[in-house]
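# Structure assessment
Spelled out from the first residue to the last, the chains are:
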Amino acid sequence: MSAVLGSERTGEKKRLLSGMQPTGNGLLHLGNYEGALKPWVALQDQYEMFCFVADWHALTTLAGTGESIADASRAVVLDYLSAGLDPDRCAIFRQSKVTAHAELSTLLGMVTPVSWLERVPTYKEKRELVAEREHEAAVSYGLLGYPVLQAADILLYRAHAVPVGKDQAAHLELTREIARRFNHLYQTELFPTPQAVISEDTGVLPGLDADAGGKLRKMSKSYHNTILLTDSADTVAQKLKGAFTSPLKVRKDDPGVPEGCSVCQLRRLYDPSGYSAQWDECRSGARGCSQSKRETTEILNAVLDPIRARRAVYASDPAELERVLERGEEKARAFAETTMQKVRETMLLV
Ligand code: AMP
C-alpha cells in the first residue's frame, strides 16, 4: 500500500492516526466508507491505531449554529464501529476528551509562521465560504489555526503515518513542515515526520445527483446526494429510484450514456468485472434504467448489510459504546501525556 509499511520496525508497530469531523449530524456516507473507513479497517492489523472524532475541528465552521457536536460525535463513533474498526486494536476517542491536543496546539503555534497558514488552500476556500455566509469578521482565528491543531492531533501520538485520500496528500505537508521546524529549532528528533498512506484502489464515489450542468459530482454531505451508512435497505432502494441517469434515456430502449449516469458509475465501482457488458446494453437500449437501479440497489445493500448488523449490536447496548470510548480516551490521554512531558522538557518549560 505504501512505502511506510516496508520500514516497520520489528517487534513494535508503527503508529497511525486517523480521524473524521462530526459535521452534518455526524452521519457518514458510502463515500466516507470507501474512501476512509474501509482503508482504515484494513490498516488496523499493521499499525497501532489511534482513531479520533475531530469535534473541536467541527467548530471551525459550526460554532454558534446550534448543532449538537456531542450527538454528532457519538454518531461518528457508531459509524466507526459499524464499519469494522475494532476497539481492541484501535483506540477510538473524541479529541475534546484529550485536552493535551489544545496544549500542544498552543505550543506548536509558537513555532508556526502565520504566512504558512495563510497560504493553505482550504483556509482560502473556507474563508470565502464563511465570509459569504456571514461576513469577513466571522473568519475566526480557529479557522486560520486549523492546520496547527491538525498538526497537534498527529504529532501528539508521534504518528508515523496518516491515511489520506488520493487528492489530499498536500494536507499533511504542513504538519510535516511544523514537525521539521520544531525538531530543527530544538535540535531534537522528538517528532517523526508523518508519511501519507494512500490506498491505491479507492476511487471517488459519485453522488446520486448531477450539478446544474448535468455533470456527476462526488458524493458529499454538502450536496445532499449521499447514501448513508445508516440508511435502511428500503431507503437505499428509494434513493436509487430517484438517482440521476441519462436525461435522454426516457424509455427503456432509448440509448443511454453510462459515463454520465450515477447508477452506472456506482455499479462500475462495485462490479468491475461485469460492468462493460451492462454498459453496452445500456448504450444500445437493450437495458433500461429500472433494471440497473434494481441491481445496483442489491449490490449496495449487500455492502451495507454487514455494517448494519454491527451497528445493531452497538445501538442496542449504549453502555458498551461508553466503555469503548472510556478505554480509547484513557489510552489516548496516557500516550499524549508521555509526549507532552517530552515537549515541555524540550521547550525548557520544566
Ligand atoms: P469529508 O468529511 O467530506 O472531508 O470526508 C472525510 C473523508 O472521507 C475524506 O477524507 C475522504 O477520504 C473520504 N470521502 C469523502 N467523500 C468521498 C467520496 N465521494 N468518495 C471517496 N471518498 C470520500
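Residues numbered from 1 in each chain as written. Predicted model: local features only at pLDDT ≥ 70, side-chain atom pairs only at ≥ 80, totals over all residues. Heavy atoms only, no water.

### Let's talk about the pairing of strand β1 (residues 15–20)
In terms of burial, β1 is largely enclosed, as five of its six residues are buried. Relative to strand β2 (residues 48–53), β1 runs parallel, the two being bridged by six bridges. Within β2, the residue paired with glycine 19 across the bridge is phenylalanine 52. What joins β1 to β2 is helix α2 (residues 30–43), and the crossover it makes is right-handed. (Buried < 20%, exposed > 50% of the residue type's maximum accessible area, 1.4 Å probe, protein only. Helix = DSSP H or I, 4+ residues; strand = E, 2+ residues; numbered from the N terminus. Pairing = 2+ DSSP bridges. Right-handed = clockwise from strand over helix to strand, strands pointing away.)

### A short note on the environment of arginine 323
Here arginine 323 is to be found in helix α14 (residues 318–346). On the basis of relative accessibility, which here comes to 42%, the residue arginine 323 falls in the partly exposed class. A polar atom in the side chain of arginine 323 sits 2.9 Å from the side chain of glutamate 320. (Polar contact = N/O pair within 3.5 Å; in protein donor to acceptor, adjacent residues only side chain to side chain.)

### Here's the deal with helix α11 (residues 262–270)
By the criterion of burial, α11 is predominantly enclosed, with seven of the nine residues buried. Every buried residue belonging to α11 is among Ser262, Val263, Cys264, Gln265, Leu266, Arg267 and Tyr270, and all of these are buried. Each element contacted by the buried residues of α11 is listed here: α2, β6 (206–210), β7 (216–218), α10 (233–241), α12 (275–284) and α13 (289–315). (Contact = heavy atoms within 4.5 Å.)

### With respect to the environment of valine 236
Counting through the fold element by element, valine 236 comes out in helix α10. Measuring from C-alpha to C-alpha, the distance between valine 236 and tyrosine 186 comes to 54 Å, with 50 residues separating the pair along the chain. The contact partners of valine 236, leaving out residues within four places of it in the chain, are Ile227, Asp231, Thr297, Leu300, Asn301, Leu304 and Arg308.

### Considerations on the site of the ligand
Neighbouring residues of the ligand: Met20, His29, Gly31, Asn32, Gly35, Ala36, Gln168, Gly203, Val204, Leu205, Lys218 and Met219. Between the ligand and glycine 31, the relevant distance is 3.0 Å, taken from a nitrogen atom to a main-chain nitrogen or oxygen of the residue. For the ligand, an oxygen atom lies 3.1 Å from a polar atom in the side chain of asparagine 32. Within the complex, 75% of the 480 Å² of free accessible area of the ligand lies under protein. Considering every element that reaches the shell around the ligand, the biggest residue donor is α2, with four residues. In the shell around the ligand, the residues fall into five nonpolar, six polar and one charged. (Near = heavy atom within 4 Å. Areas by Shrake-Rupley, 256 points an atom, 1.4 Å probe, with all protein chains shown as cover. Nonpolar A, V, L, I, M, F, W, Y, C, P; charged D, E, K, R; others polar.)

### Some details on the domain arrangement of the chain
When the parts of a complex come together, some accessible area is lost, and that lost area is often used as the size of the interface. You can read the domains of the chain as domain 1 (2–199 + 318–346) and domain 2 (206–310). A straight line from the C-alpha centre of domain 1 to that of domain 2 covers 33 Å. The partner domain 2 presents 15 residues to the 17 residues of domain 1 that form the contact. Each partner contributes to the roughly 1,300 Å² buried at the junction of domain 1 and domain 2, and carbon and sulfur atoms together form 66% of this total. Three residues stand out in domain 1 for area buried against domain 2, namely His29, Leu30 and Ser82, and they jointly supply 48% of the buried area on that side. Remark: the boundary between domain 1 and domain 2 carries zero salt bridges. Of all the secondary-structure elements, those providing two or more residues to the side of domain 1 that touches domain 2 are α2 and α4 (69–83). (Domains from an automatic or database assignment. Buried area = accessible area lost by both parts, 1.4 Å probe. Salt bridge = Lys/Arg side-chain N within 4 Å of Asp/Glu carboxyl O.)

### Focus: the nonpolar core
Leu30, Leu37, Trp40, Tyr80, Ile92 and Ile227 are the most contacted members of the largest nonpolar core, which has 47 residues in total. Composition of this core by domain shows at least three residues from each of domain 1 (2–199 + 318–346) and domain 2 (206–310). Discounting residues that sit within four places of it in the chain, tyrosine 80 has contacts with Gly19, Met20, Leu28, Leu37, Trp40, Cys51, Phe52, Val53, Leu85 and Ile92. Core analysis: the second largest hydrophobic core is formed by 43 residues, Trp116, Val120, Leu155 and Ala179 among them. (Core = buried A, V, L, I, M, F, W, Y, C linked by side-chain atoms within 4.5 Å.)

### A closer look at the pattern of salt bridges
With the rule as written, the count across this model stands at 25 salt bridges. The partner of arginine 180 in a salt bridge is glutamate 173, and the shortest N-O contact between them spans 3.1 Å. Take arginine 180: its relative accessible area is 37%, and that puts it in the partly exposed class. When the shortest N-O distance is used, the salt bridge between aspartate 271 and arginine 267 registers 3.3 Å. Taking the relative accessible area as the measure of exposure, aspartate 271 reaches 18% and is therefore buried. The class of arginine 267 is buried, set by a relative accessible area of 9%.

### Some remarks on α4
Spanning 15 residues, α4 covers 21 Å between terminal C-alpha atoms, matching the ideal 21 Å at 1.5 Å per step. Burial within α4 is extensive, with twelve of its 15 residues counted as buried. If you check which residues of α4 are buried, you get Ile69, Ala72, Ser73, Ala75, Val76, Val77, Leu78, Asp79, Tyr80, Leu81, Ser82 and Ala83. (Expected span 1.5 Å × (residues − 1).)

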